[in-house]
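# Architecture at a glance
What follows is each chain in one-letter form.
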Amino acid sequence: MASAIFAAGCFWHVEHRFRNVGGVIEVESGYIGGECPEPSYKQVCSGQTGHAEAVRVEFDPAVIGYDALLDVFWRSHDPTQLNRQGPDIGSQYRSAIFYLDEAQREMAEASRSRVAESYREPIATEIAPAGPFYRAEEYHQRYFEKHGAVC
């Protein structure tokens, strides 16, 4: 198994998208990229912790590669929006790829360059080393499944 971490707006939507990808074993919603250890949803929503809502994707690299997960990431949101996705506004909704090793960094940067050719506006997606990932509260996990929401 391998891991990847992506932020693309509200984690409920992103989690749902990745759960439906072959080769993905598990997806969990959480927070990454901030200063406060063990942040709560309320703290992250305040915009004061610096965290992004993100998903950690556990996948089988024999079935799906990191590059294919990057494709899912790019198709899951508008990467030209800075610190927002649709009606959700704030740095916690930023577009970001948090890489776990040098190979992921290189693939993320190459994919961002390719994707940029498809947009008139500049890509706002940050590519940063992954720091601590904090699992979100249980009520955020599998949110759409629990509440019958559809994307």
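Just so it is clear, the structure is predicted and the values come from calculations on it, not from any experiment.

## Some details on the overall build of the protein chain
Regarding its fold elements, the protein chain presents five helices and eight strands. The linear arrangement of helices and strands in the protein chain, starting from the amino end, is β-α-β-α-β-α-β-β-β-α-β-β-α. Computed over the C-alpha atoms, the radius of gyration of the protein chain is 14 Å, within 12% of the 15 Å expected from 2.2 N^0.38 for a compact globule of 151 residues. C-alpha atoms of the protein chain, sized along the principal axes, occupy 35 × 35 × 30 Å. The proportion of buried residues among the 151 residues of the protein chain is 46%. Within the protein chain, contacts between residues separated by at least 24 positions form 75% of all contacts whose residues are at least 6 apart in sequence. Here the protein chain contributes 14 positively and 22 negatively charged side chains, and the mean placements of these two sets differ by 4 Å.

## A look at the packing of helix H3 (residues 66-75) against helix H4 (residues 102-116)
One way to put it is that H3 packs onto H4 with a least axis distance of 10 Å and a crossing angle of 45°. Classed by the angle they form, the pair H3 and H4 counts as oblique. In this structure, H3 meets H4 at a crossing whose hand is right-handed. For the pair H3 and H4, the contacting residues are Tyr66, Asp67, Leu70 and Trp74 in the first and Gln104, Met107, Ala108, Ser111, Arg112 and Val115 in the second. For the contact of H3 with H4, the residue count by class is six nonpolar, two polar and two charged.

## With respect to the nonpolar core
Membership of the largest hydrophobic core comes to 34 residues, with the highest contact counts inside it found for Phe6, Phe18, Val55, Val57, Tyr66, Leu69 and Ile97. Of all the secondary-structure elements, those providing two or more residues to this core are strand E1 (2-8), helix H1 (11-19), strand E2 (24-32), strand E3 (52-59), H3, strand E6 (95-99), H4 and helix H5 (143-147). Per-element accounting of this core gives the leading share, six residues, to H3. By size, the runner-up hydrophobic cluster in this structure holds nine residues, among which are Ile5, Ala7, Ala52 and Ala128.

Calculation rules
- Per chain, residues are indexed from 1 in the order of the written sequence.
- Local features in this predicted model are restricted to residues whose pLDDT is 70 or higher, and side-chain atom pairs enter the listing and the counts only when it is 80 or higher, whereas totals over whole chains, interfaces and linings include all residues.
- For the side-chain quantities, the full set of heavy atoms in the structure was used; hydrogens and water were omitted.
- Here a strand is any run of E in DSSP of at least two residues, a helix any run of H or I of at least four, and the numbering for each starts at the N terminus.
- The size measure is the radius of gyration over C-alpha atoms, and the globule rule it meets is 2.2 Å times the number of residues to the 0.38 power.
- Burial classes: relative accessible area under 20% of the type maximum marks a residue as buried, over 50% as exposed, and values in between as partly exposed (1.4 Å probe, protein chains only).
- We call two residues in contact whenever any of their non-hydrogen atoms come within 4.5 Å of each other.
- The charged-residue count follows a simple rule in which Lys and Arg add positive charge and Asp and Glu add negative charge, with His and chain termini not counted at all.
- We put the charge of a Lys on NZ, of an Arg on CZ, of an Asp on CG and of a Glu on CD.
- Each axis is a line fitted through C-alpha atoms, and for a helix only the stretch in contact is used; angles between axes span 0 to 180 degrees, taken between their N-to-C directions.
- By definition in this entry, angles of less than 35 degrees are roughly parallel, angles greater than 145 are roughly antiparallel, angles of 65 to 115 are roughly perpendicular, and the rest are oblique.
- Note on convention: the crossing is left-handed when the near helix lies turned anticlockwise from the far helix by less than a right angle, right-handed when the turn is clockwise.
- In this count, Pro and Cys sit with the nonpolar residues alongside Ala, Val, Leu, Ile, Met, Phe, Trp and Tyr, while Asp, Glu, Lys and Arg are called charged and the others, Gly among them, polar.
- Residue types Ala, Val, Leu, Ile, Met, Phe, Trp, Tyr and Cys, when buried and joined through side-chain atoms within 4.5 Å, form a set referred to as a nonpolar core.

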